[in-house]
Structures are given as structure tokens and as C-alpha cells.
Amino acid sequence: MEGLVLIEVCANNRLAAHGLDGLAERVPGATVLETDCVNTCGLCQVHAFAYVNGKLVHDADPLRCMAKIEDEARAVLRWLTSGEDEKSAP
């Protein structure tokens, strides 16, 4: 199941120091891609954020943001393995 969910994170954002290394282990089936910039100018200075399969997930608090990212990644994994149609996608 590795790589079913892509979590894309800007290296300059506030999440960089909050456990990104263990994220893929905590959410089996997720791959974390840390890039120099994800072209969301200015957001990284205000909020911690990541894209989870293209969906922006953010919070002012990095720890709450990490929890939201994990929840979203798990929701996507549940949907992908459920066989439901696109209308019910998270």
C-alpha cells in the first residue's frame, strides 16, 4: 500500500520541525515529499500546511496541523480501499 497517499510539504513551512520523518510510518500507505517550495507563497509564514493528495490541509498550530494531515491521509486511504465512487471521495 505504500505511496497511495502523497503528502507534499514545503521545506520552509512551520511543519518542517514537527515530526515529518515519522509521518510515513504513522500512516502506512503514505509517502511524504518535502520540496523547496510548493508555490503557495506566503502561507508557510502564517500556517503550517501540507497537500494531501492535492488537498490543502492547514492550521496555525503545527501539532494540530500534523493531526489534521494524518486524519486526512487515513480518510483518503479508507476511501481508496473501500471501492466507493468518486462522489464520496474525501
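Computed from a predicted structure; not experimentally measured.

### Some remarks on the side chain of Asp59
And then number 1: By the element assignment, Asp59 lies in strand β4 (residues 55-59).
And then number 2: Only 2.9 Å separates the side chain of Asp59 from the backbone nitrogen of Asp61, close enough to count as a polar contact.
And then number 3: At a separation of 3.0 Å, a polar atom in the side chain of Asp59 contacts the side chain of Arg64.
And then number 4: Those residues within four positions of Asp59 in sequence are excluded, and the remaining contacts are His47, Ala48, Arg64, Cys65 and Lys68.

### Some thoughts on the confidence of the model for the protein
And then number 1: When pLDDT is averaged along the protein, the result is 81, and 77% of the positions lie at 70 or above.
And then number 2: Across the protein, β4 holds the top mean pLDDT of 92, while helix α2 (residues 43-46) sits lowest at 71.

### Side note on the sheet that holds β4
And then number 1: Read across the sheet, 4 strands follow the order β2-β1-β3-β4 without closing on themselves; strand pairing throughout is mixed. Lying at the two open borders of the sheet, with one neighbouring strand each, are β2 (30-35) and β4. On average, adjacent strands in this sheet sit at an angle of 25° to one another, irrespective of strand direction.
And then number 2: Here 2 bridges tie strand β1 (residues 5-10) to strand β3 (residues 48-52), and the two strands are oriented antiparallel to one another. In the sheet register, Glu8 faces β3, and the bridge partner there is Tyr51.

### Structural notes on the environment of Val52
And then number 1: Relative to the assigned elements, Val52 resides in strand β3.
And then number 2: Placed 43 residues apart in sequence, Val52 and Val9 show a C-alpha to C-alpha distance of 9.0 Å.

### Details of the nonpolar core
Taken as a class, soluble globular proteins show a tendency for nonpolar side chains to be buried jointly.
And then number 1: Counting residues in each nonpolar core, the largest one holds 18 residues, and the members touching the most others are Val5, Ile7, Leu15, Leu23, Val52 and Ile69.
And then number 2: Put simply, the parts of the chain that give this core at least two residues each are β1, α1 (20-26), β3 and α3 (62-82).
And then number 3: For this core, the element with the highest residue contribution is α3, accounting for 6 residues.
And then number 4: With near-sequence residues (within four places) excluded, Ile7 lies in contact with Leu23, Ala30, Thr31, Val32, Leu33, Ala50, Tyr51, Val52, Ile69 and Ala73.

Rules behind the numbers
Residues numbered from 1 in each chain as written. Predicted model: local features only at pLDDT ≥ 70, side-chain atom pairs only at ≥ 80, totals over all residues. Heavy atoms only, no water. Helix = DSSP H or I, 4+ residues; strand = E, 2+ residues; numbered from the N terminus. Polar contact = N/O pair within 3.5 Å; in protein donor to acceptor, adjacent residues only side chain to side chain. Contact = heavy atoms within 4.5 Å. pLDDT = per-residue confidence, 0-100. Pairing = 2+ DSSP bridges. Axes fitted to C-alpha atoms, helices over the stretch in contact; angles between N-to-C directions. Core = buried A, V, L, I, M, F, W, Y, C linked by side-chain atoms within 4.5 Å. Buried < 20%, exposed > 50% of the residue type's maximum accessible area, 1.4 Å probe, protein only.

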